[in-house]
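# Survey of secondary and tertiary structure
The lines below spell out each chain.
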There are 2 protein chains.
Amino acid sequence: MSLPKPPLSELEQAFGYTFQNRERFQQALTHRSANAQHNERLEFLGDSVLGIIISEALFERFPQIDEGDLSRMRATLVCGRSLAKLAQKFQLGRHLWLGPGEMKSGGHRRESILADAVEALLGAMYLESDLATCRKVVLNWYKEQLNHIKPGAGHKDPKTRLQEYLQGKQLPLPLYDVVTIQGQAHNQRFTVSCTTELLAEPVLGSGTSRRKAEQQAAAQTLELLQTQEQGN
Amino acid sequence: MSLPKPPLSELEQAFGYTFQNRERFQQALTHRSANAQHNERLEFLGDSVLGIIISEALFERFPQIDEGDLSRMRATLVCGRSLAKLAQKFQLGRHLWLGPGEMKSGGHRRESILADAVEALLGAMYLESDLATCRKVVLNWYKEQLNHIKPGAGHKDPKTRLQEYLQGKQLPLPLYDVVTIQGQAHNQRFTVSCTTELLAEPVLGSGTSRRKAEQQAAAQTLELLQTQEQGN
């Protein structure tokens, strides 16, 4: 636990808040692989703090937009990738405490570890301040994104995005088939397969309606295709 | 829109708050089937307000409990069923505005409609007050539940609950089989089937690990079995 790290004040400056409780601040930067006093409880709290701040901001900025579009925009803003980008901006990875295994495998660059630490820091800030303080800091992180985000645009549903992805590669459209329908009327569960030319096997999705199951299958297909691309 | 309804003050008394903005209060009670000015945006906001209040309460009450158990307890407290029970306690159904179709099919008793209205009321309260006011009201609703909730107990994972359910009926244990594994190492997606004697077809679940996929399949099996029981 005595590797040379840059001063924490650099992180605080980028993050936009100076922590009073230094022990908790350190804990927020500690992955479970490094110490029993790790950041998961703080992350649990911080996740909810982020949720209310972003929900409120979107609710106010988009008075005419329906709940579906608000939820999609919120999902975009608070997703792991978005938080990991903030962490990179804060150069947070340099300040993380990781166990030896995670350290070797590049855990300080892993999106999920970075995203969790941002939420944990937010939880630690909330515990010693209040919602208004957190709101000010968080809205500052998201200033640009909130100015540019648009309902609909960039938050297309997974089926539309998958279709556009395949069309962009001049490939045939995906095929959706219902695999099973389970349960009784009014409480059914649909399982649907999504077949594309790019994956050897169909991908399954399930949901309480055929439409929802198809969206889930499309979302999972997209995720796999994007991983494949990154791997190549 | 002119059916005789009991006075809204009765609802406010049970809910624990008197609304200043009467128009928004009405909107929080309006299902999308009844009017273009419906409660879904308020529900979007209220969901986040509920999230932070319950997260914070659990975080404080259980200083030694890990994130997994906190999340399970939160899920129990904020689930649709739990919110619908609160709505029943408030006799909220009598005050709902529903479209003719929903009215006929008993929408004012439907769990999801009741739960959504509780969140929408919470959203409306938050907009005209603050987090401290909402916290006081919400923690009063949950007083009993928060006093009795225990980490672990009653929040067993779905596989354990399914096993106990089947054992209670002296039936054989469920069988889990891996159906597909998709994607590359470190980013795989597992699809698993769960077969029980009580359902004609296996139920599928998916996740980023075999364990997660099995838990999802078990959760969906339990849901179907409970629906079957209610139907009988």
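Residues numbered from 1 in each chain as written. Chains lettered and ligands numbered in written order. Predicted model: local features only at pLDDT ≥ 70, side-chain atom pairs only at ≥ 80, totals over all residues. Heavy atoms only, no water.

Going by the annotation in an unreviewed UniProt entry, the name recorded for chain A is Ribonuclease 3, with Pseudidiomarina terrestris given as the source organism. Its UniProt record, at the heading Catalytic activity (unreviewed entry), says of chain A: "Endonucleolytic cleavage to 5'-phosphomonoester." In its Cofactor (unreviewed entry) section, the UniProt record describing chain A reads: "Mg(2+)". (UniProt positions renumbered as here; feature names shortened; annotations may be inferred.)

## Here's the deal with the UniProt feature "domain: RNase III" (unreviewed entry) in chain A
When the UniProt feature table is mapped onto this chain numbering, "domain: RNase III" (unreviewed entry) sits at residues 8-130 of chain A. End C-alpha atoms of residues 8-130 of chain A are separated by 22 Å, and the span's content is 67% helix alongside 0% strand. (Helix = DSSP H or I, 4+ residues; strand = E, 2+ residues; numbered from the N terminus.)

## A few points about the side chain of Glu56(A)
Checked against the element boundaries, Glu56(A) lands in helix H3 (residues 40-61). In terms of polar contacts, Glu56(A) uses its side chain to reach the side chain of Arg135(A), at 3.1 Å. Among the polar contacts listed, one links the side chain of Glu56(A) to the side chain of Tyr126(B), at a separation of 3.0 Å. Among all residues touching Glu56(A), those that are not within four sequence positions of it are Arg135(A), Leu45(B) and Tyr126(B). (Polar contact = N/O pair within 3.5 Å; in protein donor to acceptor, adjacent residues only side chain to side chain. Contact = heavy atoms within 4.5 Å.)

## Quick look at the nonpolar core
Membership of the largest hydrophobic core comes to 104 residues, with the highest contact counts inside it found for Leu92(A), Tyr142(A), Leu92(B) and Tyr142(B). Once residues lying within four places of it in the same chain are set aside, the contact partners of Leu92(A) are Leu11(A), Leu29(A), Ala87(A), Leu114(A), Ala117(A), Val118(A) and Leu121(A). (Core = buried A, V, L, I, M, F, W, Y, C linked by side-chain atoms within 4.5 Å. Buried < 20%, exposed > 50% of the residue type's maximum accessible area, 1.4 Å probe, protein only.)

## What to know about the interface of chain B and chain A
Think of interface size as the accessible area that goes away when the parts come together; that is how it is often given. In this complex, chain B contributes 45 residues to the contact, which on the side of chain A involves 45 residues. A buried area of about 3900 Å², summed over both sides, lies between chain B and chain A, and 59% of it is on carbon and sulfur atoms. It is Arg41(B), Phe44(B) and Phe59(B) in chain B that bury the most area against chain A; as a group they hold 22% of the surface buried on that side. Applying the counting criterion to the chain B and chain A interface returns 14 residue pairs in polar contact (both at pLDDT 80 or more). The set of elements that each furnish at least two residues to the side of chain B that touches chain A consists of helix H3 (40-61), helix H4 (67-78), helix H7 (111-128), helix H8 (131-141), strand E1 (175-182), strand E2 (189-195), strand E3 (203-207) and helix H11 (210-231) of chain B. For the side of chain B that touches chain A, the element with the highest residue contribution is H3(B), accounting for 13 residues. (Buried area = accessible area lost by both parts, 1.4 Å probe.)

## Concerning the domain arrangement of chain A
Partitioning chain A into structural domains gives domain 1 (8-148) and domain 2 (158-231). Each of domain 1 of chain A and domain 2 of chain A has a C-alpha centre, and the two are 31 Å apart. (Domains from an automatic or database assignment.)

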